[in-house]
Amino acid sequence: MKEQLLTWAKAGDGACMYRLSKIYQAEGDDKNYVEWLKKSAEAKTFDAMKEFAEHLRKYGDYEKALAIYKNLAETFYDEEAMECAVDMCTQGQGVAKNDKDTLNFILKLINSRYNEIYQINRGNIFARMWELQTRRHDELTWETVQAIERRRIAARIRKLLAQTGEE
Amino acid sequence: MNEEKLIQEAQQGNVAAMMELAKYYAEKSSGSDDEVGDVMSIEDFNKMMAGMDGNDDDEKDKALAYKYYRMAAEAGNARAMAEVGHRLYDGIGVEKNVEESDVWYKRAAEAGDPAAMRVVAFRSDDDAEKFKYFKLSAELLKPSLNKTDSIKQTAINYATGKGTDKNVAKAEEWLAKLDEHDASSTRAQISNLTGETFWLEKAAETSVDAMIQMAERFVLKDDFATALTWYKKAAANGSTDAMSIIGDIFYIGENGVDQSYETAFEWYNRAARRNHNMAKIKATLMIYRGRGVKQDLQRAFRNFDKLSWTREKFFGVLRFNSVARYYAAKMVENGEGCDKNPVEAVERYKVAGGIERIRNNESARRIPKAIYKVADAYFFGEGVKQNFAKALTFYEKTFTDGDGRTPYHLEAAKKVMWMYELGEGIPQSPDKAEEWRKKFQED
């Protein structure tokens, strides 16, 4: 399998690069693990991007890690990436502590989504739904759970901005 | 019934005969003389469906029904006038004509037909006329003919002063004719229309629904501390929705409320104990993530596994719970809280992705992430026999079912492009590779 993965990875498939990196990691070959993880992340493989950002952060390459998290947040509205970006801000990793630009960047992304979870059965939900290009999710567990996470991160950001008087 | 005799009498101006004939032809053409709850055989069903072909006999009967209603209406029968209005409005046995329909409904209302009064009230643009007919129909309609709407509207008109002088006492008198649920929802509606909070506050004295609406008013003002007090009242009155929402407020740490995962978990737990499925999902996610409680993957897996059989409504259709199904599959794939089992993981992803149906041919709603996992399993031969053609099908499906914001969406498109480009496991096709390159670039 490893040989096959190597062939496919060399032929440019990001998912194969990621799987190959995991094999190297399991074998304890950190050099090849990181090399293929990086290539896979550069090929925009979702799982690899997250793991590579985590790796970069662990080894202190904060700016690159933060850039990847911001990219994941912007491209996929990935809540975990948003949270990591906020965490890095609060710790002053890659940016000044509680950097308002980064916090506002994530807050803006969150606000561009449909985050309503309370007015579930009231008002002209359908009109708002189309306006915000999303679905009504009082009936949709998946979307509700995501909206709750986004609201939680947004509330956290607002409190941080309020502390720094920058909201 | 002697049809010929009735026709003769009708032609001689006998209104009762006209009405009897009209009803006879109307029933004959609609064939709907069954009561709700009657057992309907497959033969009945087939007959009914055959009758939907709009066959000539039906159309003739509808036209005859219209003819005799019209005769009776012109002879001054109020019920017949309303029937003419209805048939003109819907184009039954006569060409549709909304304007003429309005004229006949109005004549029927003026002649004292309460059902027509309600129709005129709803369709009129004149507030005074609306009020007059809502009130009259509320007084005259039999309870079995759904007079609730007329009563509600009369109360609303008195409360808002539309079409009549504003009179809160009279509005209250009319509200007293409604059951508690209708009265509360009408008070809430009045409150929305007038901006007067006391209507809703009064409803909230007894109605849990109104308590939640009170809370929502403060949510809109971003005043979650006050909203919380109303949600707590609703929760104390047994609302599991309110309990779950209180959990959300603490989990999120909304404006004016200190975030507390522990308190959130307590409230989710309260709702979950009363069988609130959404609260069970939220509490289990907290157990999975170790927020507010100690992380316990075994318990989280057991819960997701059980919750996989609960349903969520997806655009009105009940489906197996998407979150529970996806997380349970993911945990089996990674061996989190259970034994790692690639075969079982693929089976679970197939259901979570809506690819395979279970139990009584039911399915979960499609989660593109789960479909991608199935595609990967076929591509790499993990948990299933390697099958590039199937992998291709599911990569394509991941792309078509998701959008540019879905993780794996672009990866799926890239993978399809790559497979066609290299002919990896499938016949090489530069054209199709190019087609997918364009899709990928457009997204």
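Quick look at the structure, then. In every chain, residue numbers begin from 1 and rise along the written sequence. Labels are handed out in written order, letters beginning with A for the chains and numbers beginning with 1 for the ligands. It should be noted that, the model being predicted, local features are given only for residues of pLDDT at least 70 and side-chain atom pairs only at 80 or more, the latter also being counted only at that level, while totals for whole chains, interfaces and linings use all residues. With hydrogens and water excluded, all non-hydrogen atoms of the structure serve as input to the side-chain values.

### Considerations on the overall build of chain A
Heads up, the condition is: Secondary structure counts use DSSP, requiring at least four H or I residues in a row for a helix and at least two E residues in a row for a strand, with both numbered from the N terminus. Relative accessibility thresholds used throughout: buried, under 20% of the residue-type maximum; exposed, over 50%; partly exposed, between the two (1.4 Å probe, protein chains only). Working rule for contacts: check all heavy atoms of both residues, and any pair within 4.5 Å makes them a contact. The method behind every accessible area is Shrake-Rupley, applied with a 1.4 Å probe, and residues are considered shielded solely by the protein chains displayed.
The number of helices and strands found in chain A is nine helices and zero strands. The order of helices and strands in chain A, counted from the N terminus, is α-α-α-α-α-α-α-α-α. Across the 167 residues of chain A, 53% fall into the buried class. Summarising the internal contacts of chain A: among those between residues at least 6 apart in sequence, 46% fall at separations of at least 24. Total accessible area on chain A stands at roughly 7900 Å², and carbon and sulfur atoms take up 47% of it.

### Digging into the nonpolar core
Counted only if it meets this: Nonpolar core, defined: a set of buried Ala, Val, Leu, Ile, Met, Phe, Trp, Tyr and Cys residues in which side-chain atoms within 4.5 Å join the residues together.
Residues Ile106, Tyr118 and Ile157 of chain A together with Tyr231, Phe379 and Tyr395 of chain B are the most contacted members of the largest nonpolar core, which totals 140 residues. A total of ten residues in this core trace back to one element, the largest contributor, which is helix 9 (residues 141-164) of chain A.

### Focus: the interface of chain A and chain B
Heads up, the rule is: As used here, buried area is the combined drop in accessible area, with a 1.4 Å probe, of two parts when they are placed together. Salt bridges are counted wherever a side-chain nitrogen of Lys or Arg sits within 4 Å of a carboxyl oxygen of Asp or Glu. Only Asp, Glu, Lys and Arg are considered charged, only Ala, Val, Leu, Ile, Met, Phe, Trp, Tyr, Cys and Pro nonpolar, and every remaining residue, Gly among them, polar.
If you look at the interface, chain A gives 39 residues, while chain B gives 55 residues. Note on chain A versus chain B: buried area summed over both sides is about 4000 Å², and carbon and sulfur give 56% of it. The three residues of chain A that bury the most area against chain B are Trp8, Tyr118 and Trp142 of chain A, which together make up 20% of that side's buried surface. For the interface between chain A and chain B, the tally reads seven salt bridges. Between arginine 19 of chain A and glutamate 382 of chain B there is a salt bridge, and its shortest N-O distance comes to 2.6 Å. Among the secondary structure elements, those contributing two or more residues to the side of chain A that touches chain B are helix 1 (2-10), helix 2 (14-26), helix 4 (46-58), helix 5 (62-76) and helix 9 of chain A. The dominant element in the side of chain A that touches chain B, judged by the number of residues it contributes, is helix 9 of chain A, at eleven residues. In the side of chain A that touches chain B, the residues fall into 18 nonpolar, six polar and 15 charged.

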